[in-house]
Amino acid sequence: MTTTTKKTASAKKTVPATTEPAPVEAPETTLVTAMKKKDLFAKVAEASGVKRSDVKKVVEATLKELGDALQREEELNLPPLGKMSVNRVREASGAHIIVAKLRRPKAMLEEKASEDMAAENDSDDAS
């Protein structure tokens, strides 16, 4: 690295001629996906074997009840979803904002992972 000398009124100063920025590590990126109601209807219909039109009525009623319970700041304990509690509530223009926490036991997540692996193996065997 080379240095240059700048003259100032009071004294000479030595500063680096070029400054290279320190390398910055980029954070790992993840893909954020959002499930829409129609996707939820399709998944529930497939998992339950019930007609999609019947599933739609039940799921919409369930979502309404869950939303109403959260608005009343009730704690929800709904396995296999988990335990949900409201942290903060505030009013905004045209919206009621609820910040909630969902706690899911690790055993529940491990069970889901093993189910996914079994389903993947079944689909590989079918091919």
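What comes next concerns the included structure. (Residues numbered from 1 in each chain as written. Predicted model: local features only at pLDDT ≥ 70, side-chain atom pairs only at ≥ 80, totals over all residues. Heavy atoms only, no water.)

Here we come to the pattern of salt bridges. A full pass over the atoms with the stated rule returns four salt bridges. With its nearest N and O atoms 3.0 Å apart, the salt bridge here joins K37 to E60. Linking K37 in helix 1 (residues 37–48) with E60 in helix 2 (residues 52–71), this pair joins segments that are 23 residues apart in sequence. The salt bridge involving E75 is made with K83; its shortest N-O contact spans 3.5 Å. Residue K83 is classed as partly exposed on the basis of its relative accessible area, which comes to 38%. (Salt bridge = Lys/Arg side-chain N within 4 Å of Asp/Glu carboxyl O. Helix = DSSP H or I, 4+ residues; strand = E, 2+ residues; numbered from the N terminus. Buried < 20%, exposed > 50% of the residue type's maximum accessible area, 1.4 Å probe, protein only.)

On the surface, K36, K38, R52 and K56 cluster together into a patch of positive charge. By the secondary structure assignment, K38 is in helix 1. Since its relative accessible area comes to 54%, K38 is described here as exposed. (Patch = residues over 30% accessible without salt bridge, like charges linked within 9 Å, V, L, I, M, F, W, Y side chains within 5 Å. Areas by Shrake-Rupley, 256 points an atom, 1.4 Å probe, with all protein chains shown as cover. Lys, Arg positive; Asp, Glu negative; His and termini not counted. Charge placed at Lys NZ, Arg CZ, Asp CG, Glu CD.)

Where strand 4 (residues 82–92) lies against strand 5 (residues 95–103), nine bridges are found, and the strand directions are antiparallel. What sits directly across from S85, in strand 5, is K101. If you look at the hairpin formed by strand 4 and strand 5, you'll find two residues sitting between the two strands, and G94 has a positive phi there, around 75°. (Pairing = 2+ DSSP bridges.)

Now for a nonpolar patch on the surface. Taken together, the side chains of L78, L81 and L102 define a hydrophobic patch exposed on the protein surface, amounting to about 220 Å² of accessible area. Summarising the element assignment, L102 is placed in strand 5.

Taking 1.5 Å per residue, 12 residues should reach 16 Å; helix 1 reaches 16 Å between its end C-alpha atoms and fits that length. Immediately downstream of helix 1, the backbone of G49 shows phi near 75°, a positive value. (Expected span 1.5 Å × (residues − 1).)

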